[in-house]
Structures are given as C-alpha cells and as structure tokens.
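Next come the chains, spelled out residue by residue.
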Amino acid sequence: MKKLKIAVQKSGRLHDESLALLKDCGISIDNGRDQLKAQAKNFSLEIYYLRNGDIPQYLKDGVVDCAIIGENLLFEKGENIAVVEKLGFSKCRVSLAVSKIFEYDSIKDLNGKRIATSYPVTTQKYLDERGISADLHIINGSVEIAPNIGLADAICDIVSSGSTLFKNNLKEVEVMMQSEAVLAVSPRISEETATILNKLQFRIQSVLKGRASRYVLLNAPNNKLDEIISILPGMKSPTILPLADDNWSSVHSVVNQDEFWEVIDQLKNAGAEGILVCPIEKMVL
Ligand SMILES: Nc1ncnc2c1ncn2[C@@H]1O[C@H](COP(=O)(O)OP(=O)(O)OP(=O)(O)O)[C@@H](O)[C@H]1O
Ligand SMILES: O=P(O)(O)OC[C@H]1O[C@H](OP(=O)(O)OP(=O)(O)O)[C@H](O)[C@@H]1O
Ligand SMILES: [Mg+2]
C-alpha cells in the first residue's frame, strides 16, 4: 500500500504545532530522535523532517506529496503549489520596515533605496507592482539588524508581535502579505496518494473545527427556554434534556470560540445558570 509523504519542518517555528496537529488527528508517529524520516503507526503516512526553506522545491519535484509550511514561503518559492487547508497557527505578516527616524510617507520613498530581505521574490513583486526600483540585498537571518549597521535603508521580513522591529528601532510601513501555516500539495501527487491526502485533510478539518468551538452545557428555567435557544443555534439546534426539577431543563450546544464570551453574557442575562464549557476534540459535520 502506498504512503502519503508529508514534509514537516525539522526544527523551528512550525515543528511543534505541525506534530501536535498530526497527533490530534489520531496519528501516532514512530519518532526516534534525530531521524529525518519517520513512519506513522496507524495511518499510511511517512513524515520527512526538512528545512523549511527546502520544502517548496521538494513539493515541486514530487519528493514529498504534501507539506505543512508557511504561506509566505510558498509565495516566495512555491509557484504552482496548491494550498488545500489553512491551519490557523504561525500567523504572521511579511512587511517592509524602516528606521524610526526615516520620514516615510509612501512606498515612493523607497525608490533607489537599499532593502535587506530573505524574501527577494515577494519584495521585488511588491515593488514592481508599484513601479518602485530598489536595490535588494539578500540575507538569510537577523535581517532587522541591517539598517543599524548601514547595510540597508529598509528591510522586508516577517513580523508577528513586532517586538524584533521595536528592539531594532524600526517601524513597519507596508504590510505585503498575511501568512499562516497551511497544508500544501505537490502538483505531482498521484491519484492513489491523493486519496490518502483526502483522508488526512478530513481529519485535519475535524480537528480545526473542534479547536474553533466549545461545547456549552447550562441549566435553563423552562419559561426562558425560547429566549436561551435563540441565543444558542448549535450545530443543528440545541439539545434539551429535562432536569429532575420539572421547572428546569439542561441545554447543550456548540458555540464558536470567537463569539464565546459575548454568548455567555447573553445567556446569563437570559437566566441561564450553571454554565459549563468544555473543549471539543473533534467535530465532524
Ligand atoms: N515570529 C513569527 N511568528 C509567527 N510565525 C512565524 C514567525 N517567524 C516565522 N514564522 C512562520 O514560521 C515559518 C518558519 O519559520 P522559522 O524561522 O522556524 O524557519 P526558517 O528560519 O524560515 O527556516 P529553516 O527551517 O529553513 O531554518 C515561516 O516561514 C513563517 O511562516
Ligand atoms: O514580530 P516578532 O514577534 O518579533 O517576530 C518576528 C521575528 O521572528 C522571526 O525570526 P525568528 O525568531 O524565527 O528567527 P530567525 O531569523 O533565526 O528565523 C522573523 O524573522 C522576525 O525576526
Ligand atoms: Mg525565523
């Protein structure tokens, strides 16, 4: 039986959450220390631990069938590689930044300037689309130091909390793209392997939906049930069970995590009591 080959970052920002996601999908990995390739024990999957920067080429060549990778890197090095699922972690943006004392009004201020970056394709494309001509200096890490050592007038790099920019006396002036970890697929994947990918994707979707939701249980006075039900739509509609006390019911439902606190406030105001909130491991719709 064929196996789906998936690339996961060997070490770095994506590594832990990528493996946690596979684990949450019920996939257990036979992972000896320092192995570059590992087998899943209970799923047709082979995991290749690779350098992030090398993954787009492995996808293009079909050395791996799919990968967990940052969207930003696909944009930089992975033309023609399809994204089948956004994974919701490693959220960041790729931005242009200049020294705090640079009087920046618009992208035109970068005309003729030197820009240091590890993302030359992304930067060049952004500049070309705006008719700006700048001199790109490609460096592989610690890009934010470049303006302070006189190597560049601006930088283009990943920004998340903004603390690296702040520590280096830089300010973000243009957000070029938003990024998060995604499941990307090789254009050379075979039909047989694509079937396994579909199974993996189905599991991932169930896990992601579960992560985005909470299971809510509460007690409601029967004369307030209609109002409480209208606040809680649930997957289909809420489950209502009678309590030993004839005047009360137990109401169970699923709430989107983003709306959660607001919904809880509304439920309390509507007369709900004993509200319990539980995580959901997986959700299959
Ligand atoms: N500060 C950050 N916050 C959130 N996500 C980030 C951050 N920095 C990087 N990322 C995301 O994580 C990915 C991996 O970043 P990381 O720094 O671990 O690897 P790398 O240095 O690009 O690669 P390599 O594995 O080749 O050394 C990036 O491509 C980006 O999508
Ligand atoms: O906005 P912040 O939260 O400060 O994050 C941004 C920093 O994180 C990344 O570096 P990383 O720590 O991955 O180091 P690296 O350059 O060695 O990859 C990125 O290259 C920025 O330098
Ligand atoms: Mg990094």
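Procedures and definitions
Each chain has its residues counted from 1, following the order in which its sequence is written. Chain letters start at A and ligand numbers start at 1, both assigned in the order the entries are written. Residue-level local features of this predicted model are given only where pLDDT is at least 70; pairs of side-chain atoms are given and counted only at 80 or more, and the full residue set underlies all totals for whole chains, interfaces and linings. At least two DSSP bridges between two strands are required for those strands to pair. Each helix is a run of DSSP H or I of at least 4 residues and each strand a run of E of at least 2, with the numbering of both proceeding from the N terminus. Once C-beta atoms are placed from the backbone, any two residues with those atoms within 7 Å are in contact. Comment: axis = line fitted to C-alpha atoms, over the contacting stretch for helices; angle = value between 0 and 180 degrees taken between N-to-C directions. Whether a residue is near a molecule or strand depends on its C-beta atom, placed from the backbone, lying within 6 Å of it. Three classes are used, and their members are as follows: Ala, Val, Leu, Ile, Met, Phe, Trp, Tyr, Cys and Pro are nonpolar, Asp, Glu, Lys and Arg are charged, and the others, Gly among them, are polar. Three classes are used. A residue is buried when 20 or more other C-beta atoms lie within 10 Å of its own, exposed when 12 or fewer do, and partly exposed in between, with C-beta atoms placed from the backbone. The directions from the helix axis to the C-beta atoms are what the arc is built from. By convention here, the domain bounds are inherited from an automatic or database domain assignment. UniProt positions are given in the numbering used here, feature names are shortened, and annotations may be inferred rather than shown by experiment. By the criterion used throughout, a crossover qualifies as right-handed when its path from the first strand across the helix to the second strand runs clockwise, the strands pointing away from the viewer.

Here we look at the sheet that holds strand 5 (residues 66-70)
Right, on to step 1. The 7 strands are arranged 2-3-4-1-5-12-6 in an open sheet whose pairing can be described as mixed. Of all the strands in the sheet, the pair left with one neighbour each is strand 2 (29-30) and strand 6 (82-86).
Right, on to step 2. As defined by bridge partners, strand 3 (residues 37-40) adjoins strand 4 (residues 45-50) across 3 bridges and the pair is classed as antiparallel. Looking at the pairing, Gln39 lines up with Glu46 of strand 4.
Right, on to step 3. The strands that helix 1 (residues 15-24) touches are strand 1 (4-9), strand 2, strand 5 and strand 12 (181-185); relative to strand 1, the one it contacts most, it runs at about 145°.

Topic: the site of ligand 2
Right, on to step 1. Within the structure, ligand 2 sits among Arg13, Gly141, Ser142, Glu144, Asp157, Ile158, Val159, Ser160, Ser161, Gly162, Ser163 and Thr164.
Right, on to step 2. Elements supplying a minimum of two residues to the shell around ligand 2: strand 10 (154-159) and helix 5 (163-167).
Right, on to step 3. When residues of the shell around ligand 2 are assigned to their parent elements, the largest contribution, 3 residues, is made by strand 10.
Right, on to step 4. When the residues that make up the shell around ligand 2 are grouped by side-chain class, the tally is 2 nonpolar, 7 polar and 3 charged.

Side note on the environment of Val63
Right, on to step 1. Structurally, Val63 can be placed in the loop between helix 2 (55-61) and strand 5.
Right, on to step 2. The exposure class assigned to Val63 is partly exposed, which follows from the 16 C-beta atoms found within 10 Å.
Right, on to step 3. Spatially, the C-alpha atoms of Val63 and Ser186 are 8.6 Å apart, while their sequence positions differ by 123 residues.

Side note on helix 1
Right, on to step 1. By the burial criterion, the buried members of helix 1 are Ser18, Leu21 and Leu22. For helix 1, the arc enclosing every buried residue in end-on projection is 95°, short of the 170-degree limit, so these residues lie on one face. Seen from the buried face of helix 1, the exposed residues on the opposite side, beyond 90 degrees, are Asp16, Ala20 and Lys23.
Right, on to step 2. On its buried face, helix 1 is in contact with strand 1, strand 2, strand 5 and helix 6 (191-211).
Right, on to step 3. One or two residues past the end of helix 1 sits Gly26, with phi positive at roughly 80°.

A closer look at the sheet that holds strand 8 (residues 114-117)
Right, on to step 1. Taken together, 5 strands build an open sheet; the order of strands is 9-8-10-7-11 and the sheet is mixed. Edge strands, defined here as strands with exactly one partner in the open sheet, are strand 9 (135-138) and strand 11 (170-179). Averaged over all pairs of adjacent strands, the angle between their axes in this sheet comes to 25°, without regard to strand direction.
Right, on to step 2. Where strand 7 (residues 92-99) meets strand 11, 8 bridges bridge the pair, whose relative direction is antiparallel. Residue pairing across strands places Val98 opposite Lys171, the latter belonging to strand 11.
Right, on to step 3. Lying on the sheet, helix 4 (residues 120-129) is in contact with strand 7, strand 8, strand 9, strand 10 and strand 11; it crosses strand 9 at an angle near 170°.

Regarding the site of ligand 1
Right, on to step 1. Taken together, 15 residues form the shell around ligand 1, and within it Gly12, Arg13, Asn52, Gly70 and Ser160 come nearest.
Right, on to step 2. Mapped onto the domain boundaries, the shell around ligand 1 takes at least three residues apiece from domain 1 (4-90 + 180-210) and domain 2 (92-179).

Points about the UniProt feature "domain: ATP phosphoribosyltransferase catalytic" (unreviewed entry) in the protein chain
Right, on to step 1. The feature "domain: ATP phosphoribosyltransferase catalytic" (unreviewed entry), as given by UniProt, occupies residues 51-205 in the numbering adopted here.
Right, on to step 2. End-to-end, the C-alpha atoms of residues 51-205 are 26 Å apart, and along that stretch the chain is 28% helix and 30% strand.

Overview of helix 8 (residues 260-269)
In an α-helix there are 3.6 residues to a turn, and that puts residues three or four apart on one side.
Right, on to step 1. Burial runs low along helix 8: only 1 of the 10 residues are buried.
Right, on to step 2. Just beyond helix 8, the residue with positive phi is Gly271, at close to 110°.

Re the domain arrangement of the protein chain
Right, on to step 1. Per the domain assignment, the segments making up the protein chain are domain 1 (4-90 + 180-210), domain 2 (92-179) and domain 3 (213-279).
Right, on to step 2. Here the C-alpha centroids of domain 2 and domain 3 sit 49 Å apart.

Details of the pairing of strand 9
Right, on to step 1. Across 4 bridges, the pairing between strand 8 and strand 9 is parallel. Residue pairing in the sheet places Thr117 in a bridge with Ile138 of strand 9.
Right, on to step 2. Handedness of the crossover joining strand 8 and strand 9 through helix 4 is recorded here as right-handed.

Considering the pairing of strand 12
Right, on to step 1. Burial analysis of strand 12 places 5 of its 5 residues in the buried class, the great majority of the element.
Right, on to step 2. Residue alternation in strand 12 divides its side chains into two sets, Ala181, Leu183 and Val185 and Val182 and Ala184, and both sets are buried.
Right, on to step 3. By the bridge criterion, 5 bridges tie strand 5 to strand 12 in an arrangement that is antiparallel. Across the sheet, Gly70 pairs through a bridge with Ala181, a residue of strand 12.
Right, on to step 4. For strand 6 and strand 12, the ladder comprises 4 bridges, and the chain directions are antiparallel. Looking at strand 12, one finds that Val83 is bridged to Ala184.

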